[in-house]
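Each chain, written out:
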Amino acid sequence: MKQSQLFAPTLRETPNDAEVISHQLMLRAGYIRQISSGVYTYLPLAFRVIKKIEQIVREELDAIGGVEMLLPTLVPADLWKESGRFSTYGPEMMKMEDRNQRDFILGPTHEETFTKLIRDEIRSYKQLPLHLYQIQTKYRDEKRPRFGLLRCREFIMKDAYTFHDSEESLNEMYVQIRNAYKNIFERVGLNFQVVTADAGAMGGRESQEFMALSSIGEDTIVYSTESDYVANLEMATSKFRKKTNTAIKHDKELSHTPDMKTIEEVANYLNVPTRQLLKAVLFVADEQTPVMAIVRGDHEVNEIKVRMAVNAQEIAPATDEQIKELFDDLPAGFVGPVDVPEAVAVVADLYVQNMVDAVCGANQKDHHYINVNPGKDFEPEKYADIRMVQEGDESPDGEGVLKFSKGIEVGHIFKLGTRYSESMNATVLDKNGRNIPIIMGSYGIGISRLLSSVVEQNADDQGIVWPTSIAPFDIHIIPIQLKNEDQAQLASELVELFEARGYDVLLDDRNERAGVKFNDAELFGIPLQITIGKKASEGIVEVTIRKTGEMVETKKEDILDTISILTSRD
RNA sequence: CGGGAAGUAGCUCAGUUUGGCAGAGCACCUGGUUUGGGACCAGGGGGUCGCAGGUUCAAUUCCUGUCUUCCCGACCA
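Each value, and the rule that gives it
- Residues numbered from 1 in each chain as written.
- Chains lettered and ligands numbered in written order.
- Predicted model: local features only at pLDDT ≥ 70, side-chain atom pairs only at ≥ 80, totals over all residues.
- Heavy atoms only, no water.
- Axes fitted to C-alpha atoms, helices over the stretch in contact; angles between N-to-C directions.
- Helix = DSSP H or I, 4+ residues; strand = E, 2+ residues; numbered from the N terminus.
- Parallel < 35°, antiparallel > 145°, perpendicular 65-115°, else oblique.
- Left-handed = near helix turned anticlockwise from the far one by under 90°.
- Contact = heavy atoms within 4.5 Å.
- Nonpolar A, V, L, I, M, F, W, Y, C, P; charged D, E, K, R; others polar.
- Domains from an automatic or database assignment.
- Buried area = accessible area lost by both parts, 1.4 Å probe.
- Phe/Tyr/Trp six-rings, centres within 6.5 Å; stacked < 30°, edge-to-face > 60°.
- Buried < 20%, exposed > 50% of the residue type's maximum accessible area, 1.4 Å probe, protein only.
- Lys NZ or Arg CZ within 6 Å of the ring centre and 35° of its normal.
- Pairing = 2+ DSSP bridges.

*Asks:* What exactly am I supposed to notice about the packing of helix α2 (residues 44-63) against helix α6 (residues 167-187) here?
*Replies:* Between two packed helices, both the angle of their axes relative to each other and the distance between the axes serve to describe the pair. Put simply, α2 and α6 touch, their axes get as near as 9 Å, and they point 155° apart. Classified by the angle their axes make, α2 and α6 are roughly antiparallel. As α2 packs across α6, the resulting crossing turns out to be right-handed. Residue-level inspection shows Ile 56, Val 57, Glu 59, Glu 60 and Leu 61 of α2 in contact with α6, the latter providing Ala 180, Tyr 181, Asn 183, Ile 184 and Arg 187. Grouping the constituent residues of the contact of α2 with α6 by class yields 6 nonpolar, 1 polar and 3 charged.

*Asks:* Looking at this model, I keep getting lost on the domain arrangement of chain A. Mind explaining?
*Replies:* Reports often express the size of an interface as the amount of accessible area lost when the parts come together. In terms of domains, chain A is made up of domain 1 (11-236 + 404-455), domain 2 (253-384) and domain 3 (473-569). Averaged C-alpha coordinates put domain 1 and domain 2 at centres separated by 37 Å. Listed as interface residues are 7 residues of domain 1 and, on the opposing side, 5 residues of domain 2. Taken together, both faces of the contact between domain 1 and domain 2 bury some 470 Å²; the carbon and sulfur share is 46%. Among the residues of domain 1 in contact with domain 2, Asp 198, Glu 234 and Met 235 are the three that bury the most area, contributing 61% of the side total.

*Asks:* Please clarify how the packing of aromatic side chains should be interpreted in this entry.
*Replies:* In this description, a pair of aromatic rings is defined by centroid distance and the angle of the planes. Counted according to the given criterion, the structure contains 10 aromatic pairs. With 4.9 Å between their ring centres and 70° between their planes, Phe 240 and Tyr 351 make a pair best called edge-to-face. Of the two residues, Phe 240 sits in the loop between β12 (230-232) and β13 (253-256) while Tyr 351 sits in the loop between β17 (345-349) and β18 (358-364), which places them 111 residues apart along the sequence. With a centroid separation of 5.7 Å and an interplanar angle of 90°, the aromatic rings of Phe 498 and Tyr 503 are classed as edge-to-face. What makes Tyr 503 partly exposed here is its relative accessible area of 22%. Members of the aromatic cluster, connected to one another through ring pairs, are Tyr 181, Phe 185, Phe 192 and Phe 210. The ring of Phe 147 carries the charged tip of Arg 146 above its face, separated from the ring centre by 6.0 Å. The ring of Tyr 420 is capped by Arg 419, whose NZ or CZ atom sits 4.5 Å from the centre of that ring.

*Asks:* Is there a simple way to think about the sheet that holds strand β4 (residues 74-76) in this case?
*Replies:* Picture the strands of a sheet paired through backbone hydrogen bonds; they go either parallel or antiparallel. Across the sheet, 3 strands lie side by side as β4-β6-β5; this open sheet has antiparallel pairing. Only two strands of the sheet have a single partner each, and these edge strands are β4 and β5 (94-97). If you compare each strand with its neighbour and ignore which way they point, the axes differ by 35° on average. When β4 meets strand β6 (residues 103-106), the two strands line up antiparallel, connected through 3 bridges. Bridging from a neighbouring strand, Val 75 pairs with Ile 105 of β6.

Right, here's the structure in full:
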């Protein structure tokens, strides 16, 4: 392809709207342009990379029996009302009306649409299992789009759905897909981790996320220094060691703590460490049951774990009004587990068991209790792991300690179970002729997010540095002086030679100065540059490796060998 | 949704304090000279100063409202 025909407007300066490297470079190198907040045009270079990523995805999924198809982006809202997600998914949905005032949404994901299709078309367990996937533009009206392609309102996603008549079948497929995902992310050259994740939000059971390691990631990955334990922060646990408390427990006393609402204020006022306090946080589970979560003062409550501990579908922090209602106008800050109202379920973290003579809110304005002891002064309905792990905690397998790093979620796989098939009545007849709900899985890869994650991990001061597997072109041919006949001749010879061998070749046929061409080439990030200069008359060119900057001179007769040696080394 | 910042040429940004002809560099067009790391000379084109209203003889500049974009947080996955 001739560069004069490629639409790749490069920018000398960094546009002021771009903060992170991948965003800056994709703008500067002429890969993308913004059209609105969180909405981008993919220019030819980006589109070529996307097609290469998609090709890898297709190869890996087809290899395990996945079948590609395409669903509409436009989805009638009624389907989402059936599953119940129309109300729970909330303002993230792009909503619209047609001319007859019928409600539609632009699909943020397609569990409903697939479930309806399968419900209507599949009758017998004999037609299962099925693994269907699509690569499609999705819409989520993010509150805050950010970081270029990393968090967009319109983005490209590969979503797959599987349908089964048994858990075994689902489990088998889940493992196959997980392996396919690993292959995909390895092939595109991503540095990633597979972590245990929360499946609850999608209404399922087991779930794992594929995280691109990156300092700009919005998710926290927890890993062990010694073992291979890795988890999403939401799901991470640590080793809890219960102490046998021999310390003398004192009787609880009421203490006056005027206006002391926060953990720090109370700890300072009473001159005790924060770890001596009981932190009480109120939630409402499934919009009805109040839940008091108790953790040690220096710990944080993990909302997801609370939700799992009380077996709720969803959970939300209690509002100030709800707290006042339950606790008789008590200002937040003085609630505690002693003598809680009947309606409130109390769940305490495991570490609370180890506490002696703790301090907690007295459920009276301006008062805390001191010398409170679990088991003596209060008894939670349940002890469970409901706290956020902290760096330095012992790994749950007892090997090493936990550390944190940041990651970008580029893939997510869920065992959905019957969450959608039950609410939408998708059943098949089993061997005994009885209706059973179809068991489902769903699996996603953020294609456009993957593109920017790879750039985030593969760039230097000069520009992008593509892994060879998804580079927009394999070889960038740069004649310094196209007017020079030797150079022009040699350039077109090489283009033909490489294209005949199946390489994607970009020829910089522009009448630009060498510096401009080199700078653009470095921005583009094509793995190999072939510079044709003065020695063209002798049939000698330079091959430069974008990644290392290494340059070798080679005769045109040897160029194929040189290139295959250089590429195989990668 | 809370906090912060910014909207002036395609891009980066001055000018606004103290109201008085709309600016620079890069980019673009024409001609010429150049040609191995973002050339040079000469000439030229390009603006609803985000939008609306107000104050004023006069508003890019002051006031009010509003829209958009970015950042931090919350939220979401």
